[in-house]
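# Results of the structural survey
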Amino acid sequence: MSDETAPPYGTGAAAGSSTASPGGSAPVRRVRTQHLRELKQRGERFAMLTAYDMYTAEVFDEAGIEVLLVGDSASNNVLGNETSLPITVDELLPLTRAVSRSTRRSLVVGDLPFGSYQRSAEQAYDTAVRFMKEGGAHAVKLEGGVEMAPQIELLARGGVPVMAHIGFTPQSEHALGGYRVQGRGETADRVLADARAVEAAGAFAVVMEMVPGDVAAQVTAELSIPTIGIGAGAGCDGQVLVWQDAFGLRGGRMARFVKQYADLRGVLSEAARSYADEVRSGAFPAAEHTF
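Definitions and limits used
- Residues numbered from 1 in each chain as written.
- Predicted model: local features only at pLDDT ≥ 70, side-chain atom pairs only at ≥ 80, totals over all residues.
- Heavy atoms only, no water.
- UniProt positions renumbered as here; feature names shortened; annotations may be inferred.
- Contact = heavy atoms within 4.5 Å.
- Helix = DSSP H or I, 4+ residues; strand = E, 2+ residues; numbered from the N terminus.
- Phe/Tyr/Trp six-rings, centres within 6.5 Å; stacked < 30°, edge-to-face > 60°.
- Buried < 20%, exposed > 50% of the residue type's maximum accessible area, 1.4 Å probe, protein only.
- Arc of directions from axis to C-beta.
- Axes fitted to C-alpha atoms, helices over the stretch in contact; angles between N-to-C directions.
- Parallel < 35°, antiparallel > 145°, perpendicular 65-115°, else oblique.
- Left-handed = near helix turned anticlockwise from the far one by under 90°.
- Pairing = 2+ DSSP bridges.
- Right-handed = clockwise from strand over helix to strand, strands pointing away.

### Brief notes about the UniProt feature "binding site: 3-methyl-2-oxobutanoate" (unreviewed entry) in the protein
Under the UniProt annotation, the feature "binding site: 3-methyl-2-oxobutanoate" (unreviewed entry) is placed at D72, S73, D111 and K141. Considering the C-alpha atoms alone, the annotated residues occupy 70 residues of sequence yet fold into one spot, their largest mutual distance being 12.4 Å. Those residues within four positions of D111 in sequence are excluded, and the remaining contacts are L69, V70, G71, D72, L92, F131 and K141. Relative to the helices and strands, K141 is located in strand β4 (residues 139–143). Leave out the neighbours within four places in its chain, and K141 touches L69, V109, G110, D111, L112, M163, A164, H165 and V207.

Set out below in structure tokens:
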């Protein structure tokens, strides 16, 4: 079975390497855009998480997460900004490099930040090329539907795989009047039009954020490309969450669509307190920690 037709599963060496995984199983193969389409065709779902550094990228890659997004959400989850708007291309590129260097299986998608692609298709292409050449991304993501068709068309024609993002688009929060569900009632037609437009323009997948579940399911049934939901119900082909939300590193109130699978904030807090207590009491370092 060739790399092109083999399912994108397994553990072990990176695609193109002859090193087999432990136990003598077949070497790992990189998830490609066509594999996501094949999963959709077979009715199989897939997972996507954000990642911004080498250790989370390694862990998520080994756990079998098909897609890792180096999101502009790093702005408010890594750099301490209030929203995703302030982060720049130059700030995102080192994070993208760290993730792409640390994975062997996952498809790595770089998120084009606000202001780096909206002006023109040519601007979008120049930014996307930087993400692929300097960041090592395998694909890029940009926000917008019908209005972004020219950007998607040029990128796809120029060899850059594009993941679209419709529904609620965080980079447009001020224009949309804040964090609001998109596609209710009569506005459902706009979500459908956006979905059709990005597919026709050449996107290989589309994220739908904060879209009513019935609308997202209709889009998923109509499109031949995979849909990825975040607050868009179970009818999508894949799901994505920000990892700090999903695994409990971030505190505070969570969006309705977030499910927390762990309490990493609690684990780290307890570990830090234990460390500090032992340092203050003189219990650490002990003899076994001293040269």
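### Focus on the packing of aromatic side chains
Per the stated rule, a full pass over the model turns up 4 aromatic pairs. Note on F60 and W243: the rings are 6.0 Å apart at their centroids and 65° apart in plane angle, and the pair reads as edge-to-face. Residue F60 is found in helix α2 (residues 54–62), and its partner W243 is found in helix α10 (residues 243–246); the two are separated by 183 residues along the sequence. Across the pair, W243 and F60 agree in class, each one buried.

### Observations concerning helix α9 (residues 213–222)
Along α9, the residues that are buried comprise V215, A216, V219 and T220. Viewed along the axis of α9, the buried residues span an arc of 135°, placing them on a single side of the element. Relative to its buried face, α9 has exposed residues pointing more than 90 degrees away, namely D214 and A221. The inward-facing, buried residues of α9 contact α1 (33–42), α8 (188–201), β6 (205–209) and β7 (227–230).

### Concerning the environment of H35
Relative to the helices and strands, H35 is located in helix α1. Put simply, H35 and L107 are 72 residues apart on the chain and 10.0 Å apart in space, counted from C-alpha to C-alpha.

### Concerning the packing of helix α4 (residues 89–101) against helix α5 (residues 121–133)
Helix-helix packing is described using two parameters, namely the angle between the two axes and the distance between the axes. Interaxial distance between α4 and α5 falls to 9 Å at its minimum, and their mutual angle equals 30°. Between α4 and α5, the crossing angle belongs to the class labelled roughly parallel. Between α4 and α5 the crossing geometry is right-handed. In contact with V89, D90, L92, L93 and T96 of α4, α5 contributes T127, R130 and F131.

### Some points on α1
Those residues of α1 that sit buried are H35, L36, L39 and K40. Seen along its axis, α1 keeps its buried residues to an arc of 145°; they face one direction. Of the surrounding elements, those touching the buried residues of α1 are β1 (46–50), β2 (67–70), β3 (107–111) and α9. Remark: G43 follows α1 within two positions and exhibits a positive phi of approximately 75°.

### Here's the deal with the pairing of β2
Along a regular strand, successive side chains alternate from one face of the sheet to the other. Burial of the side chains of β2 extends over both faces: V67 and L69 are buried on one face and L68 and V70 on the other. Here β1 pairs with β2 via 3 bridges, running parallel. Within β2, the position partnered with M48 by the bridge is V67. A crossover links β1 with its parallel partner β2, the connecting element being α2, and its sense is right-handed.

### Description of the sheet that holds β2
Taken in spatial order, the 8 strands of this closed barrel run β1-β2-β3-β4-β5-β6-β7-β8, and their pairing is parallel. Between one strand axis and the next, the sheet turns by 25° as a mean value, whatever way the strands run. Relative to strand β8 (residues 238–241), β7 runs parallel, the two being bridged by 2 bridges. Across the sheet, the residue bridging to I228 is G238, located in β8.

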